[in-house]
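Secondary and tertiary structure notes
Here's the letter readout for the chains.
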Amino acid sequence: MTDPIKLLVVDDVVQNLTAIEALLARPNLVILRAASGAEALELLLVNDVALALIDVQMPYMDGFELAELIRGSERTRAIPLIFLTAATREPSYSFRGYEAGAVDFLFKPLDPKALVSKVNVFVELYQQRRQLSAQLAELQHALHLNDLFIAVLGHDLRTPLSVVMNGAMLLPLMSDQPKVVATATRICSSARRMTQMVDQLLDLARLRSGSMQLRTGNHNYGEICAALADEFQGADKPAHIVMCSVGDVYGIVDPGIFSQVLSNLISNALTHGAPGQPVGLSLDGSARDTIAVSVSSGGAIPAQFLPRIFEPFQQGSESRKAGTGLGLGLYTVSMFVRAHGGQVAVLSNEPEGTVFTVTMPRHPALNQGGTRA
């Protein structure tokens, strides 16, 4: 942070400008002098200043009028203004100054110590603000590189994964030995799980970069839910899913994205729900403007996990040790639902079990690009 800090001093009396410049002179501090309001505005067009000291009594454009123009521009609105005046200390006069945007008044003849002290405060605040802006820019750059790394990693992992899966599916055709078949089955299962992890990484990268596009249309939520339930019930380890529906379940939705929402919720219920108990999948389209989809399972989520359950990487320690996922499933659920303008909530207790409820708008407001407006 070696760039000089600039202060603007506006006064129609040259001797006052010279005196203030001499009083405030120090290394790394530049004093911009303006003898009129118009000259001050020209300087502000090309300079970023930490503070403006403005004389109130000036011809053509007084300090109050100049302050209103400074406050009226988006570029200069945040500049602190200190008025310098030789006028009386009437309350109405001060009120007009503060109304025009002043942060303080200094009355002439100026107290040198008071002036230097006040200027030092605003210079320090400006330095801190500039340092925070630089740190924020560095952080944003690091996050961008991180998202780019995740996207590239996820994309490049797909090719070797497809080779592994194809090879594992060919092994049973090449040998009828039970051990070979069992090994091939385990390889396929692990590769599918890894594919899901890669998909979650790519989803996370798209969500954070804001590049996720929704391909929406008027769809039957019941058909989307039934198709996904059939996939789970026809898997290697069939799941017992009980589905029910009431009301009108047609709405504007991206069926692919919403299928991922349901897949994550059902997988979560099957993995963490009470063993042997069915997973409930219910739709409620009785409301005029919303459609609610609930996924229920036995068992309860520990209370300490509930407040942060939709944050990334909030997976339980047992699941992390078992390597069943990345802890991004519920985070992507929340983000995908919010992209449609919906909400997701969870209720969990020991006697009633756990219920995740997704409330989707029947007609979400989307912009022309297909993303959430």
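Refer to the structure above for everything that follows.
A brief structural summary.

The rules we used
- Residues numbered from 1 in each chain as written.
- Predicted model: local features only at pLDDT ≥ 70, side-chain atom pairs only at ≥ 80, totals over all residues.
- Heavy atoms only, no water.
- Helix = DSSP H or I, 4+ residues; strand = E, 2+ residues; numbered from the N terminus.
- Areas by Shrake-Rupley, 256 points an atom, 1.4 Å probe, with all protein chains shown as cover.
- Axes fitted to C-alpha atoms, helices over the stretch in contact; angles between N-to-C directions.
- Parallel < 35°, antiparallel > 145°, perpendicular 65-115°, else oblique.
- Left-handed = near helix turned anticlockwise from the far one by under 90°.
- Contact = heavy atoms within 4.5 Å.
- Nonpolar A, V, L, I, M, F, W, Y, C, P; charged D, E, K, R; others polar.
- Phe/Tyr/Trp six-rings, centres within 6.5 Å; stacked < 30°, edge-to-face > 60°.
- Buried < 20%, exposed > 50% of the residue type's maximum accessible area, 1.4 Å probe, protein only.
- Pairing = 2+ DSSP bridges.
- Right-handed = clockwise from strand over helix to strand, strands pointing away.
- 1 Å grid on protein atoms, 1.4 Å probe; cavity = no way out; pocket = protein on both sides within 12 Å on 5 of 7 lines; lining within 4 Å.
- Points joined across faces, edges and corners; volume = space filled by probe spheres on them.
- Patch = residues over 30% accessible without salt bridge, like charges linked within 9 Å, V, L, I, M, F, W, Y side chains within 5 Å.
- Salt bridge = Lys/Arg side-chain N within 4 Å of Asp/Glu carboxyl O.

**Section: the overall build of the chain**
- Looking only at helices and strands, one finds 10 helices and 12 strands in the chain.
- Just so you have it, the chain exposes about 20,900 Å², and 57% of that area is on carbon and sulfur atoms.

**Here's the deal with the packing of helix 7 (residues 221-233) against helix 8 (residues 255-272)**
- Contact pair helix 7 / helix 8: the axes reach a minimum separation of 10 Å and the direction vectors enclose 45°. Our classification of the angle between helix 7 and helix 8 gives oblique. The two elements helix 7 and helix 8 meet at a crossing, and its hand is right-handed. From helix 7, Tyr221, Ile224, Cys225, Leu228 and Phe232 reach across to helix 8, where they touch Pro255, Phe258, Ser259, Leu262, Ser263, Ile266, Ser267 and Leu270.
- Of the residues assigned to the contact of helix 7 with helix 8, the class counts are 10 nonpolar, 3 polar and no charged.

**Some details on the packing of aromatic side chains**
- Under the criterion given, the structure shown has 5 aromatic pairs.
- Geometrically, the ring pair formed by Phe310 and Phe356 is edge-to-face, given 6.1 Å between the ring centres and 85° between the ring planes. Linking Phe310 in the loop between strand 10 (290-297) and helix 9 (317-322) with Phe356 in strand 12 (residues 353-361), this pair joins segments that are 46 residues apart in sequence.
- Accessibility expressed as a relative area gives 3% for Phe356, which makes it buried.
- Through a chain of ring-to-ring contacts, three or more aromatic side chains come together here, namely Phe64, Phe83, Phe105 and Phe107.

**Section: the sheet that holds strand 11 (residues 343-349)**
- The sheet built from 5 strands is open, its strands ordered 7-9-10-12-11 with mixed pairing. Edge strands, defined here as strands with exactly one partner in the open sheet, are strand 7 (241-247) and strand 11. Each strand axis lies, on average, 15° off the axis of its neighbour in the sheet, ignoring direction.
- As judged from the 8 bridges shared by strand 10 and strand 12, these two strands associate in the antiparallel manner. Bridge pairing links Ser297 to Thr354 in strand 12.
- Here helix 7 sits on the sheet and contacts strand 7, strand 9 (279-285), strand 10 and strand 12; the angle it forms with strand 7, its principal contact strand, is near 175°.
- Packed onto the sheet, helix 10 (residues 329-339) meets strand 11 and strand 12 and runs at close to 140° relative to strand 11.

**Some words on the pairing of strand 4 (residues 81-85)**
- Among the 5 residues that make up strand 4, 5 are buried, leaving the element largely enclosed by the rest of the structure.
- Residues of strand 4 alternate between two faces, with Leu81, Phe83 and Thr85 on one and Ile82 and Leu84 on the opposite face, all of them buried.
- Regarding the hand of the β-α-β motif, the stretch spanning strand 3 (residues 51-55), helix 3 (residues 63-71) and strand 4 is right-handed.
- As defined by bridge partners, strand 4 adjoins strand 5 (residues 104-107) across 4 bridges and the pair is classed as parallel. Across the sheet, Phe83 pairs through a bridge with Phe105, a residue of strand 5.

**Regarding the packing of helix 2 (residues 37-46) against helix 3**
- Across the interface, helix 2 lies against helix 3 with an axial gap of 10 Å and an inter-helix angle of 20°. Relative to helix 3, the element helix 2 is oriented roughly parallel. Note on packing geometry: the crossing formed by helix 2 with helix 3 is right-handed. Within the contact between the two elements, helix 2 uses Gly37, Ala40, Leu41 and Leu44 and helix 3 uses Leu66, Leu69 and Ile70.
- Its residues assigned to classes, the contact of helix 2 with helix 3 shows 6 nonpolar, 1 polar and no charged.

**Section: the layout of surface pockets**
- Approximately 210 Å³ is the volume attributed to the second largest pocket.
- Along its surface, the second largest pocket is lined by Asn47, Asp48, Val49, Arg75, Thr76, Ala78, Ile79, Tyr126, Arg129, Arg130 and Ser133.
- Looking at the lining of the second largest pocket residue by residue, the class counts come to 4 nonpolar, 3 polar and 4 charged.

**Some thoughts on a nonpolar patch on the surface**
- Together, Val164, Leu170, Leu171, Leu173, Met174 and Ile187 make up an exposed nonpolar region whose accessible area comes to about 580 Å².
- Top contributing element to the nonpolar patch by residue count: helix 5 (residues 112-174), with 5 residues.
- Within the fold, Leu173 resides in helix 5.
- For Leu173, a relative accessible area of 72% corresponds to the exposed category.

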